[in-house]
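# Structure assessment
In case you want the letters, here they are:
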Amino acid sequence: MFRPIRGMKDLYGSDINKYNFIIEQARHIGEKYGYSQISTPIVEQTDVFQRSIGDETDVVSKEMYSFVDKGGESITLRPEGTAGVMRAIVSESMAQSLPIKLMYYGEMFRYDRPQKGRYRQFHQLGFEHIGDKSPYTDALLISMASEILNSIGIFGFKVLINSLGDDETRESYTKGLVKYLSRHEENLSEDSKKRLTKNPLRILDSKDSKDKEICSMAPIITDYLSKESGQYFEKVCALLDDYGVNFEIDNFLVRGLDYYSETAFEFKSTSEEYGDSVGGGGRYDKLLKIFGGPDVSGIGFAFGIERLMMLLDDSKFQNKAKKVAVVPVSEDENDTAFQLLKTLYDADIPAEFIHNGNLSKKMKIADRMNCGIALILGEDECENETVTVKLMNCDDKSKKTQTVARNDIASFLKHSL
Ligand code: AMP
């Protein structure tokens with residue numbers, strides 16, 4: 001038997017209902033904040049990700065699904081959405097009318113170790129606001145993200161926030177960090193030893209337990225913030241306070257991708273069962289320029305849709321739409337029943353045509369298919385141009401079955417569904 005590829009899964013039933021609900025809420029709120037939708041291809045040239053996310057990140061160095069296509073070009077299944085959106089802004093000449101606010105959602109691919117909440121194909125829902133740098137923009141974006149979480153019924157979360165400062169900040173912090181980490185070099189993991197010269201900030205993301213212990217005592221970036229970056233960060237925090245956003249400063253939050261600067265943030269679920277990151281983002285200063293666009297700043301974030309789905313209650317997302325079963329008693333009534341079905345569809349009434357097996361089997365199928373009402377057509381009904389309407393799961397005998405004229409059935413059902 002074929003199974004999905006490891007770390008990838010089929011979405012159906014309550015899961016796909018959750019997925020659609022999350023997207024609907026996010027689109028509604030995104031529109032209110034002025035975002036329009038973009039959908040970029042799932043594959044891009046490998047360079048699109050390599051240059052923007054950074055060679056030394058886990059995503060690029062270990063997790064990308066890259067392959068050479070039949071034309072000999074190296075292409076990659078997108079591991080995140082921001083790089084493709086930046087590429088599109090430049091290649092579609094959207095950068096001529098900045099600022100621009102875009103939202104996207106769709107499949108992402110990372111060759112990660114599969115576990116609960118971590119997949120190789122997963123979905124992200126993201127927002128990017130490009131061409132406008134101000135603490136107001138940052139606070140509005142974070143506050144919109146919190147509003148989306150509330151609107152889908154996730155109240156147990158906190159926003160962790162940090163500043164990665166400007167270039168000057170990161171340059172002096174990197175020196176301080178390297179000085180500290182060099183003293184512990186022999187105890188660092190092999191990956192981190194390599195990163196010590198290539199990209200020391202990434203060591204702070206390491207999942208290795210010894211690296212984590214060493215990093216917990218490392219200098220913090222907040223102590224190195226330039227005056228401008230310090231003031232910027234203070235203002236973002238004050239504005240979030242004004243909007244009543246529940247946030248905490250986390251001095252070690254650096255996020256796993258190279259392109260962030262200034263404000264960085266992450267949304268953590270406070271659920272006891274599943275207390276992991278549900279999303280995150282930050283400001284980026286050079287991204288559009290990397291793709292040949294203007295030298296402007298942007299800010300964005302992405303939620304992991306599967307992580308949000310895990311926090312929603314299955315029972316609220318079952319298929320509960322009330323449907324009508326059209327049930328001919330025998331084959332002789334099939335054609336009349338088939339015509340009746342069309343009358344229902346023309347009136348926008350959800351219906352199923354159940355015509356296999358004997359009457360009792362058909363009624364069982366109708367029940368299994370979540371039909372609340374059965375329309376039974378036997379010899380008498382066909383002759384009298386009527387329908388026997390049977391309410392499924394109804395104990396009140398006087399209401400359980402009634403006869404309705406076939407011509408009136410659509411308006412009758414519209415009132416009783
Ligand atoms: P990132 O693009 O790494 O900042 O991730 C943003 C969000 O995407 C995370 O907070 C997770 O919710 C989600 N995410 C990242 N990687 C995975 C994965 N392998 N499986 C499921 N969700 C993921």
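Since we're looking at a predicted model, the values are computed, not measured. Think of each chain on its own: its residues are numbered from 1, step by step along the sequence as written. Since the coordinates come from a predicted model, pLDDT governs what is reported: local features require at least 70, and pairs of side-chain atoms require 80 or more to be given and counted, while whole-chain, interface and lining totals use all residues. Hydrogens are left out, water is left out, and the side-chain values use all remaining heavy atoms of the structure.

## Remarks on the sheet that holds strand β2 (residues 43-45)
At least two DSSP bridges between two strands are needed for those strands to be called paired. To qualify as a helix, a DSSP run of H or I must reach at least 4 residues; to qualify as a strand, a run of E must reach at least 2; elements of each kind are numbered from the N terminus. Strand order in the open sheet made by the three strands is β2-β4-β3, with antiparallel pairing throughout. Either end of the sheet is taken by a strand with one partner, and the two such strands are β2 and β3 (65-68). Here the average twist between neighbouring strands, direction ignored, is 30°. Note: β2 against strand β4 (residues 74-77), three bridges, orientation antiparallel. Across the sheet, residue Val-43 finds its bridge partner in β4, namely Leu-77. Taken strand by strand, helix α2 (residues 46-53) contacts β2, β3 and β4, and its axis lies near 75° from that of β2. Note on geometry: axes are C-alpha line fits, over the in-contact stretch for helices, and angles between N-to-C directions span 0 to 180 degrees. We call two residues contacting when some pair of their heavy atoms lies within 4.5 Å.

## Description of the pattern of salt bridges
One side-chain nitrogen of Lys or Arg within 4 Å of one carboxyl oxygen of Asp or Glu is enough to make a salt bridge. Under the criterion given, the structure shown has 19 salt bridges. In this structure, the salt-bridge partner of Lys-18 is Asp-314, at a minimum N-O distance of 2.8 Å. In this pair, Lys-18 sits in helix α1 (residues 13-32) while Asp-314 sits in the loop between α11 (305-310) and β12 (323-328), placing the two residues 296 residues apart along the sequence. A 1.4 Å probe rolled over the protein chains alone gives each residue an accessible area, and that area as a share of the maximum for its type sets the label: buried under 20%, exposed over 50%, partly exposed in between. A relative accessible area of 39% places Asp-314 in the partly exposed class. Arg-87 is the partner of Glu-44 in a salt bridge, and the nearest nitrogen-oxygen pair spans 2.8 Å. Of this pair, Glu-44 sits in strand β2 while Arg-87 sits in helix α4 (residues 82-91); the two residues are 43 residues apart in sequence, bridging distant segments of the chain. The same class applies to Glu-44 and to Arg-87, which are both buried. The network of salt bridges with shared partners includes Asp-58, Lys-62, Asp-191, Arg-195 and Lys-207.

## Observations concerning the sheet that holds strand β6 (residues 121-130)
The eight strands lie next to each other as β1-β5-β6-β11-β10-β9-β7-β8, forming an open sheet whose pairing is mixed. The open sheet has two edge strands, β1 (36-37) and β8 (247-249), and neither has a second partner.

## Here's the deal with the packing of aromatic side chains
Note on aromatic contacts: the rings of Phe and Tyr and the six-membered ring of Trp form a pair at centre separations within 6.5 Å, being stacked when their planes are under 30 degrees apart, edge-to-face when over 60 apart, and tilted otherwise. Going through the model one piece at a time under the given rule, you end up with 15 aromatic pairs. Aromatic side chains Tyr-259 and Tyr-260 sit 4.9 Å apart centroid to centroid with 65° between the ring planes, which places their arrangement in the edge-to-face category. Per residue, the accessibility class of Tyr-259 equals that of Tyr-260, and both read buried. For the pair Phe-338 and Phe-353, a centre-to-centre distance of 5.7 Å together with 50° between the ring planes defines the contact as tilted. Linking Phe-338 in helix α12 (residues 334-346) with Phe-353 in strand β13 (residues 351-353), this pair joins segments that are 15 residues apart in sequence. The class for Phe-353 is partly exposed, based on a relative accessible area of 23%. Members of the aromatic cluster, connected to one another through ring pairs, are Tyr-35, Phe-127, Phe-157, Phe-265, Phe-267, Phe-301 and Phe-303.

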